[in-house]
Amino acid sequence: MKVLKFGGTSVGSSKNINNVINILQNYAKTDAIVCVVSAVGGITDKLLLAGRQAKNKDNNYLETFELIKDIHFKLIKELNSDNHDSIVSYVEDKLNALKSLLDGIFLINELSPKTSDKLVSFGELLSSYIIAETMKNRDMSAARKNSQDLILTNSNFTKAEVNYGVTNTNIQAYFKEAKEQVTILPGFISKSRLGEQTTLGRGGSDFTAAIVAAALKVEQLEIWTDVSGMFTTNPKLVKQAYPIKKISYQEAMELSHFGAKVLYPPTVQPVLDLNIPIHIKNTMEPEAVGTIISNEEIPANGSVVKGISNIGNIALITLQGSGMVGIPGFSKRLFETLSQEKINVILITQASSEHSICLGIDESDTEIAKNAIDATFENEIQLHKIDPILVEKGLSIVALVGDNMKNHQGISGKMFSALGRNNINIRAIAQGASEKNISAVIAEKDVKKALNTLHEQFFESKTKQLNVFITGVGNVGEKLVEQIKQQRKYLKENLKINLRVAGLSNSRKMIFNEDGIDLSDWKVQLNNGESASLEGFFENTKALNLRNSIFVDVTANSDVANLYQHYLRQSIGVVACNKIACSSDFDNYKLLKRLSLKYNAPFLFETNVGAGLPIIDTLNNLVASGDKVTSIHAVLSGSLNFVFNNFNDNTKFYDVVKQAAAEGYTEPDPRIDLSGVDVARKILILARESGIEMNLEDIENKPFLSEAGLKSTSVDDFYKTLIADEAHYQALYASAKAKGCQLKYVAQFNEGKANVSLQEIPSDHPFYNLKGSDNIVMFYTNRYANQPMIIKGAGAGADVTASGLFADIIRIGNN
Ligand code: ADP
Ligand code: ASP
Ligand code: MG
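So, here's what we can say about the structure. (Residues numbered from 1 in each chain as written. Chains lettered and ligands numbered in written order. Predicted model: local features only at pLDDT ≥ 70, side-chain atom pairs only at ≥ 80, totals over all residues. Heavy atoms only, no water.)

Further remarks concern the site of ligand 1. With respect to spatial proximity, 16 residues lie near ligand 1, and among them T225, D226, F231, K236 and K261 are the closest. At 3.4 Å from an oxygen atom of ligand 1 is found a side-chain nitrogen or oxygen belonging to N234. A distance of 2.9 Å is found between an oxygen atom of ligand 1 and a side-chain nitrogen or oxygen belonging to K261. For ligand 1, the protein covers 89% of the area, taking 570 Å² as the surface of the free molecule. Partitioned by chemical class, the residues of the shell around ligand 1 number six nonpolar, six polar and four charged. (Near = heavy atom within 4 Å. Polar contact = N/O pair within 3.5 Å; in protein donor to acceptor, adjacent residues only side chain to side chain. Areas by Shrake-Rupley, 256 points an atom, 1.4 Å probe, with all protein chains shown as cover. Nonpolar A, V, L, I, M, F, W, Y, C, P; charged D, E, K, R; others polar.)

See below:
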């Protein structure tokens, strides 16, 4: 004999019921089958809704009733094309009884637990009848037996306790005589000794099946549901979750107690002692292997953490006060009070000082719990020995479960640091003495992120997901998106980084996708996106609350730079090619660095100097390894290089600057480059990264522009001065040429001071042969005292800048 249970979704549509019947037909070829069924998916909830509506004098209960009726009639019709009259008449009778019950509730304005159990029983009674009759209509040997005649309980309505003695005898006696190949039993429902209808608790059909399996001592219990087994964590919340092949009874129990809804927690109890394995299978995918729950020894080399689960709607109650220290009896009185009120305590923590006890309970119990506890400790509260109890709501418990965790150090450390890195605040921690479970109480809003973070940490440790949010998809930003699109596969396979673009914005539009934007047509999507705003972009990024989030600033906008601190405070990393933040006021630069450390959010800006060249990274490594920078000599402006490499006595200064602008080598306002401000910002950043406190005003800037050029008030005016002052610029060129020198715009940092200026560079100097828009930096340090460390290469251009941003993102991924 075999016992199979099919849940609500499995019997939720005619298509699924046909699947169920096929499975049963197959099994029945070789064995007698007991099949426990739930109510049609969603019906229990609808019955309770109708009950509440009726109780609250809300006429909508009639509409809910009609919906329940329609769902069942539709099923009957779809399953039994002809010959459904007899089924309909029974179902009609039942529905009439249901309607009378609801009318009664409406009339007396009351819905007691006892009536509630009577109400929900209709769900399983109807589903089991319809399925059994459908099978009979198809000439199968089937019968429906009402479990209420078999399972006897006490009168603890809504979650009654089973009298196993009588129940086992009833079940054994019935099946001894049963002749049919398949017996359909309604799950969840039972009766008390007084004949009252009772239920076994929400999700209790699993339990019914286990009770029957144990009474009949079958070889295996099969729970058929809508997922392919017990997963490493809830597959609805974590896409990467996967089915666990084998798991122990204890682990399964622990996971289900902590929220893995796939198995109703008491289900394990009846089968555990008899060693009957539970096999979890998927009705929609019968060929999937599923999960076996048993006490089979599982090799220790398997994963240490078996699964992660969570329970929502948790409230934390804290009892604290100096009067509690060292005085016995407080916890006894506390727990007695809760027990009298039938309040289930889900989690307990007590600090070793005994100064406080913290309890996790279901949110719906808070009111009763608070009143009862305050009453119990009224005296102590009045004497200020104990504070009035503290209640926090909107919480959830996440729990790591694994039999083997006790033999491994550092699991909780890993758990809490992974959560901490992602800015998930932990309110309380509990670790059972058996060490099969470590639980943390966190805010409900963080649950999805926490489960994903922990799943990545313990089950996918080899891949790390990065979620980037890019603002500014102009020249450089567009290149960056294209590079990401092209490299995604490579990164996954070679660096185990799953790089996803979760947000994109230009100045007009923005788009988000928590599963990662499909980059094949990102431009079209962005064009159809919502209106962009900087605050909106931040708020959306924050609300998505994805792990390893990185904000990428590919603008030159100071308003964007002003938002970095908000991103960092949310533990969202910042990668910027925008130089404004790092060259702003020193206090602001320092603040961002501090926030980055405090919130564990990387702040990287390699492209601020020398585009994609690894200048800042190299400098950071020198400093981190204990070296000290003594001086820096550098040519850092791709645009000025371009200008002075192309300017001579055959060209006009105006034409060369115009060409540089046209090729994207200058800022939109070329004065920022030509006045030396851009280079000053770069050397400032290098000086600061070398450990020097310095501001932009401290940098000596000897301008080479003409008087009129310096004073121009608009870009147009400025260009006019270039034409008018051609002689001024030709003179600069002639002077250099006469000495056999090249003009280069040089930045220097020496003995704590920095300056930028146009210099005449002789032919034996490393700067002399700098081509095109190349940059060069020479670091003199204690270790590189005589021969500097030199970094040289393309220092401007969209492609190399994008690859520099890319490198910063990968740096974060590798950490
Ligand atoms: P049924 O109606 O078949 O009894 P349930 O809805 O009670 O099904 O349980 C199955 C659901 O449990 C899944 O659809 C899934 O959303 C949820 N679930 C939560 N945690 C887990 C987990 N660790 N493994 C599998 N499913 C889980
Ligand atoms: N129908 C009941 C419920 O929804 C029992 C079950 O499906 O297991 O809770
Ligand atoms: Mg269930």
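Once you've had a look at it, read on.
Before going further, it helps to examine the packing of aromatic side chains. In this structure the tally under the stated criterion is 26 aromatic pairs. Here a set of aromatic residues connected by ring pairs shows up, and it is made of F469, F512, F537, F538, F551, Y564, Y567, F603 and F605. Note that R333 overlies the ring of F330, its terminal NZ or CZ placed 5.8 Å from the centroid. Its guanidinium or amino end placed over the ring of Y719, K658 lies 4.1 Å from that ring's centre, counting from NZ or CZ. (Phe/Tyr/Trp six-rings, centres within 6.5 Å; stacked < 30°, edge-to-face > 60°. Lys NZ or Arg CZ within 6 Å of the ring centre and 35° of its normal.)

Turning next to the nonpolar core. In summary, soluble globular proteins display a tendency toward joint burial of nonpolar side chains. Ranked by size, the top nonpolar core spans 75 residues in total, and within it Y564, I632, F653, L686 and F704 carry the most contacts. The dominant element in this core, judged by the number of residues it contributes, is helix α25 (residues 677-689), at seven residues. Apart from residues no more than four positions distant in its own chain, F704 is found in contact with L640, F644, F653, L674, H728, Y729, L732, Y745 and L758. Formed by 61 residues, the second largest nonpolar core is a distinct cluster that contains V162, V238, V305 and V398. (Core = buried A, V, L, I, M, F, W, Y, C linked by side-chain atoms within 4.5 Å. Buried < 20%, exposed > 50% of the residue type's maximum accessible area, 1.4 Å probe, protein only. Helix = DSSP H or I, 4+ residues; strand = E, 2+ residues; numbered from the N terminus. Contact = heavy atoms within 4.5 Å.)

Attention now goes to unusual backbone geometry. One non-glycine residue, N313, adopts positive backbone phi at about 55°. For N313, a relative accessible area of 45% translates into the label partly exposed. Of note in this structure, N548 is not a glycine but carries a positive phi near 45°.

Next up on the list: the side chain of T167. Looking at the element boundaries, T167 is found in helix α6 (residues 164-177). Judged by relative accessible area, which is 0%, T167 ranks as buried. A polar contact is formed between the side chain of T167 and the backbone oxygen of N163, at a distance of 2.6 Å. Residue contacts for T167: discarding those within four places in its chain leaves L150, I151, L152, V162 and I211.

Counted under the stated rule, the structure contains 32 salt bridges. Close ionic contact of K2 with D31 constitutes a salt bridge, the shortest N to O distance being 3.6 Å. Pair noted here: K2 is in strand β1 (residues 2-6) and D31 is in the loop between α1 (14-28) and β2 (33-37), with a separation of 29 residues, a long-range link. Among the residues examined, K2 registers a relative accessible area of 29% and is labelled partly exposed. Ionic contacts of the salt-bridge type, sharing partners, join the residues K579, D678 and K682 into one network. (Salt bridge = Lys/Arg side-chain N within 4 Å of Asp/Glu carboxyl O.)

Further remarks concern the packing of helix α10 (residues 330-340) against helix α11 (residues 366-376). Packed helix pairs are characterised by how far apart their axes lie and by the angle those axes make with each other. Taken N-terminus to C-terminus, the directions of α10 and α11 make an angle of 140°; their axes are 10 Å apart at the nearest point. Viewed along their axes, α10 and α11 adopt a mutual orientation that is oblique. In terms of crossing hand, the pair formed by α10 and α11 is right-handed. Mapping the contact onto sequence places R333, L334, T337 and L338 in α10 and A369, A372, I373 and T376 in α11. (Axes fitted to C-alpha atoms, helices over the stretch in contact; angles between N-to-C directions. Parallel < 35°, antiparallel > 145°, perpendicular 65-115°, else oblique. Left-handed = near helix turned anticlockwise from the far one by under 90°.)

Spatially, the six strands line up as an open sheet ordered β13-β14-β12-β15-β17-β16, and their pairing is antiparallel. The sheet is open, and its two edges are formed by β13 (345-350) and β16 (426-431), each paired on a single side. Sheet twist, expressed as the mean angle between neighbouring strand axes with direction ignored, is 30°. By the bridge criterion, nine bridges tie strand β12 (residues 307-320) to strand β15 (residues 390-401) in an arrangement that is antiparallel. Bridge assignment links G307 to a residue of β15, and that residue is V401. Relative to the sheet, helix α8 (residues 249-257) contacts β12, β15 and β17 (437-443), its axis offset from that of β12 by approximately 60°. In the packing of helix α14 (residues 447-459) onto the sheet, the strands contacted are β12, β15 and β17, and the crossing angle to β12 comes to about 125°. (Pairing = 2+ DSSP bridges.)

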